[in-house]
Amino acid sequence: MILELDCGNSFIKWRVIHVTDAAIESGGIVDSDQALVAEVAALASVRLTGCRIVSVRSEDETDALCALISRAFAVQALVAHPAREMAGVRNGYDDYQRLGMDRWLAALGAFHLARGACLVIDLGTAAKADFVAADGEHLGGYICPGMPLMRSQLRTHTRRIRYDDASAERALTSLAPGRSTVEAVERGCVLMLQGFARTQLDQARALWGEDFAVFLTGGDAPLVREAVPQARVVPDLVFVGLAMACPLD
Ligand SMILES: Nc1ncnc2c1ncn2[C@@H]1O[C@H](COP(=O)(O)OP(=O)(O)OP(=O)(O)O)[C@@H](O)[C@H]1O
Ligand SMILES: CC(C)(CO)[C@@H](O)C(=O)NCCC(=O)O
Ligand SMILES: [K+]
């Protein structure tokens, strides 16, 4: 079995898949390297034969995680690296090594699934959009603060915005104008995310008419789902690209 890791800025998403058919054995989301090892080690009847990683963390942090995995599970982790071109997609950055690996792999995964022009909207700690044309040219994209960053900036830079996580969750049962601080902030930030997603759709239409696919991924994808009904929600999109960039057999 293979351990797959997507190391974002706030969380590590992990999956254990079977080598032969890529069937998912198990998976989860954790907030530290130690929690990751604990969760994976707790899986009965899983014997790992390989590991592949995509990380947007520093090289030191990624190396430390690889060393930990090697000690805990006796497998060598394969780390995805930037490429100018892969699987028919050409990196659109002036300096291809600067494009975030999560964005690059999501773009590879999306182009593979769409077999044509596609827009990827990834809503995590940061909100990202990337455009890949029908000929595989990555046109670039956009990066904005995601839900966690918008929320924490407001909390940090104002004195009277304070609320707990439970009331934040309750506030999102509707998007009507807020009648309390928590409703006003939480709903306002969701509307910002939805506006981001709709604007990306407008951009894609200006480029390609109606001839493109939209993919929605990242932990906060459900918050904009209704704003972009034509989008395919693919929570594992980065893993699709990771398997392409780091084949293991
Ligand atoms: N089970 C979950 N665990 C943690 N966060 C979740 C979960 N479900 C949804 N979320 C939301 O997903 C968001 C984080 O998304 P994601 O895990 O894609 O971020 P990330 O990969 O750490 O960030 P980035 O990709 O921008 O580096 C948070 O706003 C969080 O509230
Ligand atoms: C934008 C983030 C932080 C999103 O995870 C990541 O893709 C990243 O660190 N990118 C490097 C900068 C860039 O993509 O231009
Ligand atoms: K991510």
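Just so it is clear, the structure is predicted and the values come from calculations on it, not from any experiment. (Residues numbered from 1 in each chain as written. Chains lettered and ligands numbered in written order. Predicted model: local features only at pLDDT ≥ 70, side-chain atom pairs only at ≥ 80, totals over all residues. Heavy atoms only, no water.)

Chemist: Give me the lowdown on the packing of helix α1 (residues 33-41) against helix α2 (residues 59-73), citing residues and values where you can.
Modeler: A pair of packed helices is characterised by two quantities: the angle between their axes and the separation of those axes. Direction vectors running N to C along α1 and α2 enclose 25°, while the axes themselves pass 11 Å from each other. Classified by the angle between their axes, α1 and α2 sit roughly parallel to one another. Crossing of α1 over α2 shows right-handed handedness. Contacts from Asp33, Gln34, Leu36, Val37, Val40 and Ala41 of α1 reach α2 at Leu65, Leu68, Ile69, Ala72 and Phe73. By residue class, the composition of the contact of α1 with α2 is nine nonpolar, one polar and one charged. (Axes fitted to C-alpha atoms, helices over the stretch in contact; angles between N-to-C directions. Helix = DSSP H or I, 4+ residues; strand = E, 2+ residues; numbered from the N terminus. Parallel < 35°, antiparallel > 145°, perpendicular 65-115°, else oblique. Left-handed = near helix turned anticlockwise from the far one by under 90°. Contact = heavy atoms within 4.5 Å. Nonpolar A, V, L, I, M, F, W, Y, C, P; charged D, E, K, R; others polar.)

Chemist: Let's hear about the packing of aromatic side chains: which residues, and what values?
Modeler: Using the criterion set out here, one finds three aromatic pairs in the structure. The interplanar angle of 80° and the centroid separation of 6.1 Å between the aromatic rings of phenylalanine 131 and tyrosine 142 together place this pair among those described as edge-to-face. Highlighted residues: phenylalanine 131 in strand β9 (residues 126-132) and tyrosine 142 in strand β10 (residues 138-145), separated in sequence by eleven residues. Owing to a relative accessible area of 38%, tyrosine 142 belongs among the partly exposed residues under this scheme. Where phenylalanine 131 meets tryptophan 208, the ring centres are 6.1 Å apart and the plane angle is 50°; that geometry is what we call tilted. (Phe/Tyr/Trp six-rings, centres within 6.5 Å; stacked < 30°, edge-to-face > 60°. Buried < 20%, exposed > 50% of the residue type's maximum accessible area, 1.4 Å probe, protein only.)

Chemist: Tell me about the pairing of strand β11 (residues 213-217), and name the residues and values.
Modeler: With respect to burial, β11 is a largely interior element, four of its five residues being buried. Relative to β11, strand β8 (residues 118-123) runs parallel, the two being bridged by five bridges. Bridging across to β11, aspartate 122 finds its partner in threonine 217. Bridging between β11 and strand β12 (residues 232-233) involves two bridges; their strand directions are parallel. Residue phenylalanine 215 lies in a different strand from β12, and its bridge partner there is arginine 232. (Pairing = 2+ DSSP bridges.)

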